[in-house]
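So the chains spell out like this:
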Amino acid sequence: MTRPEISLEFFPPKNIEGTFRLWDSVQVLAPLAPRFVSVTYGAGGTTRDLTRDVVATIHKHSGLRTAAHLTCVDATKEETLQVARDFAKVGVTDIVALRGDPPKGSNGFVPHPEGFANSVELIEALAETGDFTIRVGAYPDVHPEAATAKADIDWLKRKLDAGASEALTQFFFEAETFFRFRDACAKAGIDQYITPGILPIENWKGARRFAEGCGTKIPQWVVDAFETAERDGRSDLLATAICTELCDELIQGGVDKLHFYTLNRPELTRDVCFALGVTPELKLENVA
């Protein structure tokens, strides 16, 4: 099996306990030498300051290449670009540029009167500075707000053409979902790298809610398998097996980069990576 390159996503903590869990997650997974780690924004930009602080801390103290999520939600263009400049000041020049989720309880995304109308405008502004490596989101299963699959891919192409160098996909359950999407992107003239997003399922009920909320199709065999595994107390074993098999099929299909959504719970991601041959890299001074 070809050893894939990996990247990892974390989210900002909400309390002291969460802070320790986040740092433990970074410590557990850093030895796997990810090509970068990213830190998310909350819905409606609610964790903007936390994201900035967490990104700066991980970058400074872990030695990992760190990417910051940046959204258009509830901010002027100048406020958004100032956040990006603040990232650059601390040495963080990787941005995952997203429109962003609207605040909870709202009726959908409404641009700030003086803000970016969408992710393409944000990407164009970031690209004009010449200061950032820009990544964007992609949806193997059609985005809930997209009119059609073709419209979804056309929009992805606009984001990439605006200045992004790579797309990170939403998670999915079957490798064929990604392969169909990758082929459709190539047919549409997209030649930037499309990196599959992988969600190791630590909690089936939570993962199912997440999938239903973002339009990810759930095969019936996955539902049946987890219902049986939960009755038998074997959910972790099943999750590891399903995730490892998915990654293996992707690698066999030519994928050499994987992006893991860790949910700040590192153990399952670590176990899957070990199964794929992604193991801690020892420095020479640590080898007797």
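Quick caveat: nothing in here was measured; it's all calculated off a predicted structure. (Residues numbered from 1 in each chain as written. Predicted model: local features only at pLDDT ≥ 70, side-chain atom pairs only at ≥ 80, totals over all residues. Heavy atoms only, no water.)

1. Observations concerning the overall build of the chain
Here comes step 1: Tallying secondary structure elements over the chain gives ten helices and eight strands in all.
Here comes step 2: Its C-alpha radius of gyration of 19 Å places the chain within 12% of the 19 Å reference for a compact globule of 288 residues.
Here comes step 3: For the C-alpha atoms alone, the extent of the chain along its principal axes is close to 55 × 50 × 35 Å.
Here comes step 4: Within the chain, the proportion of its 288 residues that are buried is 47%.
Here comes step 5: Within the chain, contacts between residues at least 6 apart in sequence are counted, and of these 79% link residues at least 24 apart.
Here comes step 6: If you sum the accessible surface of the chain, you get close to 14,300 Å²; carbon and sulfur atoms cover 50% of it.
Here comes step 7: Charged side chains of the chain number 31 positive and 42 negative; the gap between the two group centres comes to 1 Å. (Helix = DSSP H or I, 4+ residues; strand = E, 2+ residues; numbered from the N terminus. Rg over C-alpha atoms; globule rule 2.2 N^0.38 Å. Buried < 20%, exposed > 50% of the residue type's maximum accessible area, 1.4 Å probe, protein only. Contact = heavy atoms within 4.5 Å. Areas by Shrake-Rupley, 256 points an atom, 1.4 Å probe, with all protein chains shown as cover. Lys, Arg positive; Asp, Glu negative; His and termini not counted. Charge placed at Lys NZ, Arg CZ, Asp CG, Glu CD.)

2. Things to note about empty space enclosed by the protein
Here comes step 1: Going through the model one piece at a time under the given rule, you end up with one cavity of 30 Å³ or more.
Here comes step 2: By volume, the largest cavity amounts to about 100 Å³.
Here comes step 3: Ranked by the residues each element gives to the lining of the largest cavity, the list is headed by helix α9 (residues 235–252), at four residues.
Here comes step 4: Per-class residue counts for the lining of the largest cavity are ten nonpolar, no polar and no charged. (1 Å grid on protein atoms, 1.4 Å probe; cavity = no way out; pocket = protein on both sides within 12 Å on 5 of 7 lines; lining within 4 Å. Points joined across faces, edges and corners; volume = space filled by probe spheres on them. Nonpolar A, V, L, I, M, F, W, Y, C, P; charged D, E, K, R; others polar.)

3. Digging into the pairing of strand β5 (residues 133–138)
Successive residues of a regular strand alternate their side chains across the two faces of the sheet.
Here comes step 1: Counting buried residues in β5 gives five out of six residues, a clear majority hidden from the surface.
Here comes step 2: Relative to β5, strand β4 (residues 94–98) runs parallel, the two being bridged by three bridges. Following the sheet pairing, Val-96 is matched in β5 by Arg-135.
Here comes step 3: With four bridges connecting them, β5 and strand β6 (residues 166–171) associate as parallel partners. Across the sheet, residue Val-136 finds its bridge partner in β6, namely Ala-167. (Pairing = 2+ DSSP bridges.)

4. Section: the environment of Ser-7
Here comes step 1: Within the element layout of this structure, Ser-7 appears in strand β1 (residues 5–10).
Here comes step 2: With relative accessibility at 0%, the residue Ser-7 sits in the buried group.
Here comes step 3: Through-space distance from the C-alpha of Ser-7 to that of Ile-153 is 23 Å; in sequence the pair is 146 residues apart.
Here comes step 4: Sequence-distant contacts of Ser-7, defined by excluding residues within four places in its chain, comprise Pro-34, Arg-35, Phe-36, Leu-258, His-259 and Phe-260.

5. Digging into unusual backbone geometry
Here comes step 1: Despite not being glycine, Ala-33 shows a phi value in the positive range, around 55°.
Here comes step 2: The residue Ala-33 is located in the loop between α1 (16–29) and β2 (37–39) in this model.
Here comes step 3: One non-glycine residue, Asp-74, lies in positive phi territory at about 55°.
Here comes step 4: Along the chain, Asp-74 turns up in the loop between β3 (66–71) and α3 (77–89).
Here comes step 5: The class for Asp-74 is exposed, based on a relative accessible area of 54%.

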